[in-house]
Amino acid sequence: MKKLIPILLAFVLLAGCAAGNDAGKAENIQKVKLVLDWTPNTNHTGIYVAQEKGFFEEEGIELEILQPPEGGAESLVASGGGDFGISFQDTIAASWAKDDPLPVTAVAAILQHNTSGLLSLKEKGIDSMGKLSGHNYATWNSPVELAMIQTMVEDDGGDFSKVELIPSTVTDIVAALNSNVDSVWVYYGWDGIAAENAGLETNYIPFIESHPEFDYYSPILIANNDYLEKNGDTAKKVLAAIAKGYDYAAENPEEAAKILLKASPELDEAMIVKSQAYLSKQYKDEGKPFGVIDAKRWNDFYAWLYENNLLEKEIPEDFGFTNAYLPE
C-alpha cells in the first residue's frame, strides 16, 4: 500500500498540471466577431475553411460569424458590435468622405479584382456598353453605380439618355432576364454562374476591361479602428488564419465548396461547386500573397469618384486601408 501512495500522488499532480494547462489555454483564447455582408456564399469560403480546418484554433482564436444587420456590416463593426466585417470599396466610400469618417479600416482584399459586369441575354445584342442605348437596365439607383454605367456607355459611343432605367433590386437573375429586364449589373461568380447553370445564353461585359480605374476591391475585409489599435497582435493572428483558409480554398476548390455547404446546407450544391471553381482563381494573383491591397488601384478609384463629384469630400491617398496585419 505504501508503494502505491507515491504513484497515486504522481497521477494527482499530473492531472492537476493538465487541468492547469487547459485552464491556461482557455484564458489565452481570444474571442473575435466577424460580420458578413450577406448570407454565406463563395466570397466567404476561406473563412469557413479556416474554421473547419482549425486554423483559427491554431492561432488561439475563437471566431463567431455574425449575419449583418439591416444597415450592413460597416455600421456594426464601426460601433464595436463586430471586430471584423465584410464590405466593398465602392459602397463604403461615402462613409469615409466626411469630416468624421467611419472608424473602420480595410485590412485585406478578399478578391484581387472586381468581378462585376453587365449581363444580358445574347438575343438582346448588348455585346458592348455603347449598345446599352435603346435597352433597359435594372438599377438600384446608387449615384456611383449610375455614374459608372453612364461613363462606360458614353465612352463606348452610346447615348446614356436612351437607356431606360428600371428601379429594381434583382434577387433572382434568371427570373429577371426572362422577364422585361434587358440588363443587370452582376458579380459573375454568383449571378453569372446562376445564369450559366440555368442554361441561359448571355453576353457578359466585365467593367474592368475598358476602365482600369473600375478595378476596385470588392469585397474587402474591414476591422474596427479601436480594435486594431488595442489588439494588433490578435488581428494579425486572425488575418493569418483567414489567409490560410483562402489559400487552401484557392488550391482545393472542390473540398472548399463542400466545407461551405456543410456550414450552410441550404445552399444549392451545383451552384456552389461551380461558383467556387470560378472564385478560387480570383482570391489571389499569381505569385502574390492573399489579401494585399495595391495602393495605386485603391487611390485611382477614389480619385475618379471625387473628380466626378460623387463624394462629399476628397478621400486622401492611402486612406482607409492597410496591409500591416497580413502575414509577412
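Residues numbered from 1 in each chain as written. Predicted model: local features only at pLDDT ≥ 70, side-chain atom pairs only at ≥ 80, totals over all residues. Heavy atoms only, no water.

Caption draft 1: Geometry of the nonpolar core. The biggest cluster of nonpolar side chains holds 43 residues, and the ones touching the most others in it are M129, L132, M148, I149, W298 and Y302. Those elements that place two or more of their residues in this core are α4 (73–78), α5 (93–96), β4 (104–109), α6 (143–155), β10 (220–224) and α13 (295–307). Residue contributions to this core peak at seven residues, all from α6. Residues from two domains meet in this core; each of domain 1 (30–112 + 217–308) and domain 2 (116–214) gives at least three. Listed in part, the 41 residues of the second largest apolar core include I47, L111, Y227 and A241. (Core = buried A, V, L, I, M, F, W, Y, C linked by side-chain atoms within 4.5 Å. Buried < 20%, exposed > 50% of the residue type's maximum accessible area, 1.4 Å probe, protein only. Helix = DSSP H or I, 4+ residues; strand = E, 2+ residues; numbered from the N terminus. Domains from an automatic or database assignment.)

Caption draft 2: Spotlight on the packing of aromatic side chains. Evaluation of the coordinates by the stated rule reveals 17 aromatic pairs. Taken together, a centroid distance of 4.8 Å and an interplanar angle of 90° make the contact between F214 and W304 edge-to-face. Residue F214 is found in the loop between β9 (202–206) and β10, and its partner W304 is found in helix α13; the two are separated by 90 residues along the sequence. Both residues of the pair, F214 and W304, belong to the buried class. The interplanar angle of 50° and the centroid separation of 5.1 Å between the aromatic rings of W298 and F321 together place this pair among those described as tilted. Here F321 lies in the segment after α13 and W298 lies in helix α13, a separation of 23 residues in the sequence. Like W298, the residue F321 is buried in the burial classification. By the ring-pair criterion, three or more aromatic residues cluster together here, those being W96, Y216, Y217, W298, F301, Y302, F319 and F321. (Phe/Tyr/Trp six-rings, centres within 6.5 Å; stacked < 30°, edge-to-face > 60°.)

Caption draft 3: Looking closely at the domain arrangement of the protein chain. Domain boundaries in the protein chain define domain 1 (30–112 + 217–308) and domain 2 (116–214). Distance from the C-alpha centre of domain 1 to the C-alpha centre of domain 2: 26 Å. Each partner contributes residues to the interface: domain 1 has 16 residues there, and domain 2 has 14 residues. Counting each side, the surface lost to burial between domain 1 and domain 2 is near 1,300 Å², with a carbon and sulfur contribution of 72%. For domain 1, the biggest contributors to the area lost against domain 2 are M271, K274 and W304; these three give 45% of the whole. The interface formed by domain 1 and domain 2 holds one salt bridge in total. When the shortest N-O distance is used, the salt bridge between K274 and E196 registers 3.0 Å. In this structure, the connection of domain 1 to domain 2 is made through three residue pairs in polar contact (both at pLDDT 80 or more). Contributions of two or more residues to the side of domain 1 that touches domain 2 are made by α12 (269–279) and α13. A per-element tally of the side of domain 1 that touches domain 2 places α12 first, with seven residues. (Contact = heavy atoms within 4.5 Å. Buried area = accessible area lost by both parts, 1.4 Å probe. Salt bridge = Lys/Arg side-chain N within 4 Å of Asp/Glu carboxyl O. Polar contact = N/O pair within 3.5 Å; in protein donor to acceptor, adjacent residues only side chain to side chain.)

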